[in-house]
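Secondary and tertiary structure notes
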Amino acid sequence: MVDRATWSEAQEMAVYRPGQRVEIKHRPGVVDTVIAYDPTMVPPVILAIDPQPRYPEELNLISQPGSGFNWLNPWARNISTPTHSMHH
């Protein structure tokens, strides 16, 4: 059985990955970019512009069209990737 804290951390690392755009909840309209998720830091989310690391609950995820990220299952294979047929 996977430890709940480890599972949650793994999920957060998948969602708050470098390049993910986020809005700071207490500053509506302020959009920043995640540059790192460091589980050894408290809070663990490091942003590009905001000098203060943030907790995930302080952030709203900004949808990124074309990223192919499956929000329901971040570990799922990207189903929007075209498959190459073997026809000649």
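Below you will find a few notes about this structure. (Residues numbered from 1 in each chain as written. Predicted model: local features only at pLDDT ≥ 70, side-chain atom pairs only at ≥ 80, totals over all residues. Heavy atoms only, no water.)

1. Quick notes on the overall build of the protein chain
Here is the rule: Helix numbers and strand numbers start at the N terminus; a helix is a DSSP run of H or I with at least 4 residues, a strand a run of E with at least 2. Only protein chains enter the calculation, and the probe is 1.4 Å; a residue is then buried if its accessible area is under 20% of its type maximum, exposed if over 50%, and partly exposed in between. Note on contacts: a residue pair qualifies if any of its non-hydrogen atoms lie within 4.5 Å across the two residues. We get accessible surface area from the Shrake-Rupley algorithm with a probe of 1.4 Å; when it comes to residues, only the shown protein chains can shield them.
Helix and strand counts for the protein chain stand at one helix and four strands. Seen in sequence order, the protein chain has helices and strands lined up from the N terminus as α-β-β-β-β. Taken over 88 residues, the protein chain has a buried fraction of 23%. For the protein chain, the share of sequence-separated contacts (at least 6 apart) that also reach a separation of at least 24 residues comes to 44%. Total accessible area on the protein chain stands at roughly 6400 Å², and carbon and sulfur atoms take up 59% of it.

2. A closer look at the side chain of Glu23
Rules: Counted as positive: Lys and Arg. Counted as negative: Asp and Glu. His and the chain ends are not counted at all. What makes a salt bridge here is a side-chain nitrogen of Lys or Arg within 4 Å of a carboxyl oxygen of Asp or Glu, nothing more.
With respect to the helices and strands, Glu23 occurs in strand β1 (residues 21–24). One buried charged residue, Glu23, remains without a salt bridge, the closest side chain of opposite sign being Lys25 at 8.9 Å.

3. Notes on the pairing of strand β2 (residues 31–37)
Rules: Any two strands with at least two DSSP bridges between them are considered paired.
Direction of pairing for β1 relative to β2: antiparallel, over a ladder of three bridges. Within β2, the residue paired with Arg21 across the bridge is Thr33. From the end of β1 to the start of β2, which pair antiparallel, there are six residues, and Gly29 there has a positive phi angle of about 90°.

4. Topic: the sheet that holds strand β4 (residues 59–61)
Rules: For helices, the axis comes from a line fit to the C-alpha atoms of the stretch in contact; other axes are also lines fit to C-alpha atoms, and the angle between any two N-to-C directions lies between 0 and 180 degrees.
Taken together, the four strands give an open sheet; going across it, the order is β3-β2-β1-β4, and neighbouring strands pair in antiparallel fashion. Edge positions in the sheet fall to β3 (45–47) and β4, since each has one partner strand and no second. With strand direction ignored, the average angle separating the axes of adjacent strands in the sheet is 50°.

5. Quick look at the side chain of Asp32
Applicable threshold: For the purposes of these results, a polar contact is taken to be a pair of N or O atoms within 3.5 Å, where, inside protein, one atom must be able to donate a hydrogen and its partner to accept one; residues adjacent in sequence count only when each atom of the pair is a side-chain atom.
Residue placement: Asp32 occurs in strand β2. One buried charged residue, Asp32, remains without a salt bridge, the closest side chain of opposite sign being Arg27 at 6.8 Å. Here the side chain of Asp32 touches Ala48 through a polar contact of 3.3 Å, landing on its backbone nitrogen. A distance of 2.7 Å separates a polar side-chain atom of Asp32 from the backbone nitrogen of Asp50. Non-local contacts of Asp32, meaning those with residues more than four positions away in its chain, are made with Gln20, Arg21, Val22, Leu47, Ala48, Ile49 and Asp50.

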